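A structural walkthrough
Listed below, chain by chain, are the residues.
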Amino acid sequence: MAYWQGGASSSADPGHGGGGRAAKALDFGGRLPRTEAAFRSLEAAVVHGLPAVVRTISDEAVANLDAVLAPLVEAATRAHVEGAIRALFAEPDNAVVQEAGGRFIAAAATDGGRPELRRLLEEFGAAAWLEAVVRRHPRSKGVQNQALWALFKLQGRQPLVAVLTDQALGSSPEATTAALWGLFHIGSAENISWPERKELAALAEAARQRFPDDSRLATHALGIIGSMLNVKVADADHAQATAAIAVVISALQTHQGDIALQRAAAQTLVSLVEGNSGAAAMLRHHKDNVIALLDGVMRSHPHKAVFGVAGVLEALAREGLKGPKQQAALLKVLASFTEESDLEAILRLDAIGCVYDAMASSEHANSSGIAALGRIAEFLIEQASQSAPAGSQDSQDPSSDAVLGVHIVKCIGTIVRRLECEIQQRRPDNFVYAEALGALRNVSRRSPALARRIAATTSVTAAVEMAFERDFFDLTFECIRQLIGAVLFFSGLAKLMAMLEKYPEAPIFHEAACRVLVETAEHEDGSNAPGTILEAAAGLSFYATRVLVEMVPQSQRLNPDSLACAAIRLHSHVLGVATAGLEEGVHSLLGALRHYQYKADVATEVCCALVSVYIAKGPGVMPVLSTCRAGDALVDVVRRFPNNSEVLGDAAVALGALYGFKQVLDLLRSSPGNLAVQQAGCRALAELCRMNLCFASEEERKAAEDAARATQAAYPGQERWQLQAQIEVTLGLIANAAVAAQRAP
């Protein structure tokens, strides 16, 4: 988005409880008529006229045009920022003006991560001014919200921490609430050490105690405590997280009936007990009290107020939570438990019986219940495989192979019977189709014996065939995907290909088929045994080419780029392995790239597919790529997506894999001030090293190291921690990378 269009706001709106604001069109309210008219003219010339010219003129003309226009646009940006900052300086006592100024600075600081805007804000003293504004208006909610959020965007979390530790600002509920809100919305806490996490949690609790009657402040404080004291981090102190359970209970007791705080408290409790047996035991000890305190959220959103498998199963059986929507929500939670399931609770509380009863109580719970049964069956199969080496057969041992086998069969039988009932309905539930077949397929993958048993069940194959013949036009995409997966798994690839031939003008069907074939290829993990995807690579490559060449162009009004992406991804698995059709396949990939020039997802998939083909075929594929002008197509991708780091990264990896590290180094040198390019280039260098590709010489390896260090120096600071971490990884890989002359024969 152009900088004169108002600037995108941050991902969250300080002071308004969450959601981001959409970028607004240019609107000065008629108060800057000359400026607005000039911007409109510039927008018309640049947005609507200039791109068409740039795409047609020569490279030399583009370079000359860039040299002329860039200084003018940079000067306009500078004038825009300087004018706004100086206007703020002129009215320091006007809270409304300063609130708007904080919003402006926050938007400018986050506008696509453009470093030139941040440098201008630093040059004109924006951070120092914001600090003064925060102190000048300590009781203005709007000023505190916007100014502190802007400071966070400029300097990270330290200004927010400083507010909580400052005697004067710490006595202001407005400043304290704004600081807590900002800390809660800083994003992932993965890069924060445990001592820092503990300090932030302590500051949040101290703030809550200073203002015990402020429920909004307490809500933010609980959110920080939950996110910071989750123990899934190195050096975590489980005792500290366990002690925080009492803090949450205290807040619930103080603000009884506050639904917003109850939701935050429930989320915090879930975070505290995750991976922490001590906290889980503490919560079980106070279970009845906590359930009573969470009564409001338990009734409206029970799935947000239950903890662990035992908590979900107990909630399913509770009289006050027998409503159909409540039961369905609880079953969804149960279906989400996989690795952290509790075998003792599943057996003791008869999880299968609880799910069956919930499904019988309401048709709303059927699809969620089947998903839960599928997860339970998968978990029980995993537990059975981990039983005692000798394989306990004691029927009195609840965890023996024999007992677990009975429960597994009971799970699968319940799913199959429910599927049989659905087949007989006049208007079957598509979600039941999808969940049942998906669950049966996942269980079959874990156990060959169960797979044979399920495949021999006539109701499964009948459900698939009837669904396609009777309900095809009523099926959702996910249902179609699960049905196709069932056909492929239980009936084989030949049956699926016959069905694809039967529906040549159903792009949704073919998109789902391509995605299922890709998913199956990834699950088979490179196996080319009979019946696998790679064993049929030649035929599937021909099919993917046909989809791209014939079907995609004919389905303009049916989201064809999504179909194209699915076919391209299938090509990335089979084209390099296929024994024929290589040139036609590469042509179809580059044709899709030309057809969808500005579709980032298509560009990404094509770049990845070309790399996959090169890895599979080796340098012998280069004549085909040269004939198809793949290099020119990749350079065009870089030009078309100058600010999309994901697409640039994939294009850079493809250029480097096909034509050497020099291509990536040239990309890095071409745009030292473009953050997206630098991120993409550093990631590409790392990926090429992981691919075990060689530098052409020691000088080239040293040049790659210098380029990464230059990017590291150009983008310092906590706000660039992800880029800094990527560069450290890149430098380590470059240091251990081989040079062509040094590679052992």
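Let me begin by describing the structure that accompanies this report. (Residues numbered from 1 in each chain as written. Predicted model: local features only at pLDDT ≥ 70, side-chain atom pairs only at ≥ 80, totals over all residues. Heavy atoms only, no water.)

Thoughts on the packing of helix α36 (residues 661-670) against helix α38 (residues 698-714)
- For the pair α36 and α38, interaxial distance at closest approach is 10 Å and the crossing angle is 30°. Here α38 runs roughly parallel to α36, going by the angle between their axes. Crossing hand, α36 versus α38: left-handed. Contact with α36, carried on its side by Phe 661, Lys 662, Leu 665, Leu 668 and Arg 669, involves Glu 700, Ala 703, Ala 704, Ala 707 and Thr 711 of α38 and no other residues of that element.
- Tallied by class, the residues present in the contact of α36 with α38 amount to six nonpolar, one polar and three charged. (Axes fitted to C-alpha atoms, helices over the stretch in contact; angles between N-to-C directions. Helix = DSSP H or I, 4+ residues; strand = E, 2+ residues; numbered from the N terminus. Parallel < 35°, antiparallel > 145°, perpendicular 65-115°, else oblique. Left-handed = near helix turned anticlockwise from the far one by under 90°. Contact = heavy atoms within 4.5 Å. Nonpolar A, V, L, I, M, F, W, Y, C, P; charged D, E, K, R; others polar.)

Regarding helix α39 (residues 721-736)
- Compared with an ideal rise of 1.5 Å per residue, which puts 16 residues at 22 Å, α39 spans 23 Å between its outermost C-alpha atoms and is within 8% of the ideal.
- For α39, the elements touching its buried residues are α37 (675-690) and α38. (Expected span 1.5 Å × (residues − 1).)

Quick notes on unusual backbone geometry
- The phi dihedral of Asp 525 falls on the positive side, at around 55°, and the residue is not glycine.
- Checked against the element boundaries, Asp 525 lands in the loop between α28 (507-524) and α29 (537-551).
- Positive phi is not limited to glycine here, since Arg 629 has a value of about 60°.
- Its location among the elements puts Arg 629 in the loop between α33 (622-627) and α34 (630-640).

Section: the pattern of salt bridges
- Evaluated as defined, the whole model comprises 32 salt bridges.
- Between Arg 441 and Glu 519 there is a salt bridge; the shortest N-O distance is 3.3 Å. Of this pair, Arg 441 sits in helix α23 (residues 430-446) while Glu 519 sits in helix α28, and the two are 78 residues apart along the sequence.
- We note a salt bridge from Asp 666 to Arg 669, for which the minimum N-O separation is 3.5 Å. With Asp 666 and Arg 669 both in helix α36, this residue pair falls three residues apart, about one helical turn. (Salt bridge = Lys/Arg side-chain N within 4 Å of Asp/Glu carboxyl O.)

Side note on the side chain of His 571
- Within the secondary structure, His 571 sits in helix α30 (residues 560-574).
- Since its relative accessible area comes to 0%, His 571 is described here as buried.
- If we skip the residues at most four places from it in the chain, His 571 touches Ser 541, Ala 544, Thr 545, Leu 548, Gly 576, Gly 585, Ser 588 and Leu 589. (Buried < 20%, exposed > 50% of the residue type's maximum accessible area, 1.4 Å probe, protein only.)

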